[in-house]
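Observations on chain architecture
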Amino acid sequence: MALRVQSLADLEVLCKHLYEGTDLAQRLQAEKVVLELIDSPECLHQCQLLLEQGTTSYAQLLAATCLSKLVSRASPLPIEQRIDIRNYILNYVASQPKLAPFVIQALIQVIAKITKLGWFEVLKDQLIFRNIITDVKKFLQGTVDHYIIGVMILSELTQEMNLVDHSRSSAKHRKIATSFCDTSLKDILMLACSLLKELLAKPLILHDQRQQSVAVQLLKLVLNCLSFDFIGNSADESADDLCTVQIPTTWRAIFLEPETLDLFFDLYHSLPPVLSQLALSCLVQFASTRRSLFSNPERAKYLGNLTKGVKQILENPQGLSDPGNYHEFCRFLARLKTNYELGELVMVKDYPEVIQLIANFTITSLQHWEFAPNSVHYLLTLWQRLVASVPFVKTAEPHLLDTYAPEITKAYITSRLECVPVVIRDGLEDPLDDTATVFHQLEQLCTVSRCEYEKTCTFLVQLFDQNAQNYQKLLHSSSRNPIEITVQEGRLAWLVYFVGAFVEGRLTYTSTDEHDAMDGELSCRVFQLMSLMDAQLPQSSNEKVELAILWFMDQFHKTYVGDQLQHGSKSKHFPFLGVSGECGLSYLRCRTVFYTALTRLLMVDLGEDEEKFENFMFPLAVSFEGVTRIFNSTFEQEEAKRLLVGLARDLRGIACALNTKSSYSLLFGWLYPAYISVLQRAIELWYREPACTTPILKLMAEFVQNRSHRLNFDGSSPNGILLFREASKMICTYGNQILSLGTLSKDQVYPLKLKGISICYSALKSALCGNYVSFGVFKLYGDNHFDNVLQAFVKMLLSISHSDLLQYRKLSQSYYPLLECLTQDHMSFISSLEPRVFFYILTSISEGLTAVDTIVSSSCCASLDCIVTYLFKHLSKGKKTPRCREISQDGQRLLHFMQQNPDVLQQMMSILLNTIIFEDCRNQWSVSRPLLGLILLNEKYFSELRATLISSQPDNKREVLDQCFRNLMEGVEQNLLLKNRDRFTENMSVFRRDVAEALHSEGASDPGTLDAMS
């Protein structure tokens, strides 16, 4: 195909479609043209045209992108041409140093790619591409902007040299990287350090952005040098605690100079947090330097300098209040023990003061559990390795861990117990829900707890007895407080986990009879708690306590029982796992919790072990095959129902526990396409029986939920679309079948119909908001699954009365968030609805605005805000352009509807104002967002409401109220931009307070509610 882009104007349009366009077809076409442009003989000319005459930064970015792809092709350009491109870009950025940062970065990447790929190429007996450092030094002698560009070139080059391109030979990459390391990297590091010394010698002006940019780029350059893959092992970054930096022996002199470490500690103390974090990242790499780089005396001296820096930071801890600094410092501490032995640490000068400071810092960090929780891992790693090293210390110097390790254990235990009431009462994310983190931290704690075990064991026994007694008192209290019971159960769950961790920490070669007796004391208390919890069944149970007990039993079994005992009958101890029919279908719900617990235990060391997962799922596969056989033969319905309901509950429990991409992918591959059709068939057959359909629908609702970004499929994978298609089929099948039931009695409408619809709405909302499907693909390729499920949503909605929407809590909490999602991301669908449907939705929003449930009222406000914003934008578009046809047909239809029914929005404005002025408004921010749009669309009606309120008050209050309304709109412009919205929200907060004071002060009439606002 011939290239269609010729002129600068064409290229500018191409950039607009590529980087700013919202039309998928136009963007795909633009990408196609770019590929043609790269293969065109005119590519270099077109790129030069964009760089020299382009009017936007995106034009320059397109040129840089094309050049990058051009120089990276498998068949390289002639060497003279690549030299010309490199020199042209160097001159270009030198002549225009104030280009957009992303343009400069993209152009520098081209230089780095050319340099790397031509590293060994010779022209006229010269390695022509290796003179890059000489070129960079010219930039360093120029203005500050040139200086920054020079440092960026070195930083990008270092990063590019370290980057493995899997499309090319790995042997060639290692050859280039090794040569670069041997010939240039040391010089680059020394240059960066000398430039940092010059920077530190000057007075630092913290608000000088250019000085900050210089510091950032220099620190990034040093970090890239120290992070270089020196030996070609391509270490996995996730194995952070195992990392050792293999510094070349030729660099010894740099590391032996005390000034090198002092430089970065001084930078940490001198720079603001956003920069000092990078200084700490460099120090992490310095602390990770391989031991064999030094002789024993040199290593002791180097370690002494590191600990001296640690002491200075902890004695002046102000900078650690920044989360970034705090995280990097915790990594730094962990690396100290990774690369140095406890015997070496205790010999360091001021070791007693340093270990005390570290202990106090750890205790303080554990007490503030909500601050940077991801950093606790590194602190526990440090103490775990310190304690584990105690048996091997041969020096006479005291290590003092017997003093501080028990305090660390106590601090961790008390901090977790103290977080429980805060989490429950404030509705925060419960740390116990992140079982992977909990298990990992307990594994670390179990080693620390064994140091001075008598102290920690006695402490835990006291806590367990105290909390168990309090729990018993609450259970037998005449006025049972559910919140207090939940708090106590949360604490007991943590205590059971701690007992499991203590038992897990038992080591055969260090254990004593006294320690085993202490384990027995702790375990006995857990068994007593099990009896107490069992006594509450089946009326009540706590999942978190049950999971903790299961985990404890696993640790107890591994430590003291082993595999000698034969497995008992599952059905005897867990009757809900049987298929005999002794238990009702509703009793099978216990299977969900059971399989969640089992899967969480499996997840501890599952990783990506597909064979292990298949073995775990084998019994379920056998059951599915059984159901399939029944479907294909005599079809014994009762047996099939029981099997399938049990399977749905089992799979939902498994899906609940799989919160990582790799583990979820294993489940998806197991279920689809082999067994998903069985579930679809069951919905079609048994739609009249909620005992069968509810578990299957809940399984689908869980399956489509993108919790913890677990549905992060690869770019080439169609799994996201396939999953949505299956969800769409199930929702459409259920919706069409359930509507065929006709009119149901009041006592049947919820269990037979509304409960299933609410689950369908929850599933649809999760699928629409999961960010794993591009919904434009369906229309583009003529796939009707997306349209079908939206139509099913409408049909089911119209079969529900407005009173039922708000009467049934689960239904309202699924419908209104779904509506919020639709108005937020799919307003084109909402605007295309028939007037009667749209009126129904607006009425439901209007009634939901006054709901007691803040989830419902906040979702209503958000939905209304999206609709009002859509209307305002289309009205503004119609006013600003004479070509009214630019407004979409759906937009015109919506505008026409609102013109025919102005009272709908007016009534909602009245409700919101009434809420703000007269009610206890608990979601003030949410209410403010749609209110501004309503006021701008109905200014005349707003003036009438304002006049009504003011006239209803005594004369001496009218001026005050009038001023309140004037202040409400002060500084508010005629638009719905974010800045303007925020200004209105701030004004409204003041307005609400001032109006409340005016209305409730002496002399004010009883406001009640205004007739115009009712």
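Nothing here was measured: the structure is a model prediction, and the numbers come from that model.

Our next topic: the overall build of the chain. Counting its regular elements, the chain contains 46 helices and 2 strands. Here the C-alpha atoms of the chain give a radius of gyration of 34 Å, agreeing with the 31 Å that 2.2 N^0.38 yields for 1014 residues. Expressed as lengths along the three principal axes of its C-alpha atoms, the size of the chain is roughly 90 × 85 × 80 Å. Here the chain holds 1014 residues, and the buried ones make up 52% of them.

Let's shift gears to a nonpolar patch on the surface. A cluster of nonpolar side chains, Leu28, Leu780 and Tyr781, forms an exposed patch at the surface whose accessible area comes to about 330 Å². The residue Leu28 is located in helix α2 (residues 24-39) in this model.

A separate point is the state of the cysteines. Scanning the model with the defined rule gives 0 disulfides in all. For Cys193, which is in no disulfide, the shortest distance to another cysteine sulfur is to Cys225 and amounts to 8.1 Å. With no disulfide of its own, Cys419 has Cys330 as its nearest cysteine by sulfur position, at a separation of 18 Å.

Here we come to the packing of helix α42 (residues 902-918) against helix α43 (residues 924-937). α43 packs onto α42 with a crossing angle of 140° between their chain directions and a minimal axis gap of 10 Å. By the criterion of interaxial angle, the relationship of α42 to α43 is oblique. Where α42 crosses over α43, the handedness of that crossing is left-handed. In this structure, α42 contributes Leu905, Met908, Met909, Leu912, Leu913 and Ile916 to the contact, and α43 contributes Gln924, Val927, Pro930, Leu931, Leu934, Ile935 and Leu937. Class assignment for the residues of the contact of α42 with α43 results in 12 nonpolar, 1 polar and no charged.

A few words on helix α39 (residues 835-848). In this model α39 runs 20 Å from its N-terminal to its C-terminal C-alpha over 14 residues, within 8% of the 20 Å that 1.5 Å per residue would give. Of all 14 residues in α39, 10 are buried, a share of seventy percent or more. Taken together, the buried positions of α39 are occupied by Val837, Phe838, Tyr840, Ile841, Leu842, Thr843, Ser844, Ile845, Ser846 and Gly848.

Tracing the backbone shows Ser68 in helix α4 (residues 57-71). The exposure class assigned to Ser68 is buried, which follows from its relative accessible area of 14%. Those residues in contact with Ser68 that sit more than four places away from it in its chain are Val110 and Lys113.

Residue position: Asp266 is located in helix α12 (residues 258-270). Exposure remark for Asp266: the relative accessible area of 37% places this residue in the partly exposed category.

So, about the nonpolar core. Membership of the largest hydrophobic core comes to 202 residues, with the highest contact counts inside it found for Phe255, Phe264, Phe329 and Trp383. Here Phe264 is in contact with Cys193, Leu196, Leu219, Val222, Ala279, Cys282, Leu283 and Phe286, once residues within four sequence places are set aside. Residues Leu602, Ala767, Leu849 and Val995 belong to the second largest nonpolar core, which totals 148 residues.

Scanning the model with the defined rule gives 47 aromatic pairs in all. Aromatic side chains Phe668 and Phe703 sit 6.1 Å apart centroid to centroid with 10° between the ring planes, which places their arrangement in the stacked category. In this pair, Phe668 is assigned in helix α29 (residues 661-671) and Phe703 in helix α31 (residues 690-703), connecting sequence segments 35 residues apart. Given the relative accessible area of 2%, Phe703 is considered buried.

What counts as what
- Residues numbered from 1 in each chain as written.
- Predicted model: local features only at pLDDT ≥ 70, side-chain atom pairs only at ≥ 80, totals over all residues.
- Heavy atoms only, no water.
- Helix = DSSP H or I, 4+ residues; strand = E, 2+ residues; numbered from the N terminus.
- Rg over C-alpha atoms; globule rule 2.2 N^0.38 Å.
- Buried < 20%, exposed > 50% of the residue type's maximum accessible area, 1.4 Å probe, protein only.
- Patch = residues over 30% accessible without salt bridge, like charges linked within 9 Å, V, L, I, M, F, W, Y side chains within 5 Å.
- Areas by Shrake-Rupley, 256 points an atom, 1.4 Å probe, with all protein chains shown as cover.
- Salt bridge = Lys/Arg side-chain N within 4 Å of Asp/Glu carboxyl O.
- Disulfide = S-S within 2.5 Å.
- Axes fitted to C-alpha atoms, helices over the stretch in contact; angles between N-to-C directions.
- Parallel < 35°, antiparallel > 145°, perpendicular 65-115°, else oblique.
- Left-handed = near helix turned anticlockwise from the far one by under 90°.
- Contact = heavy atoms within 4.5 Å.
- Nonpolar A, V, L, I, M, F, W, Y, C, P; charged D, E, K, R; others polar.
- Expected span 1.5 Å × (residues − 1).
- Core = buried A, V, L, I, M, F, W, Y, C linked by side-chain atoms within 4.5 Å.
- Phe/Tyr/Trp six-rings, centres within 6.5 Å; stacked < 30°, edge-to-face > 60°.

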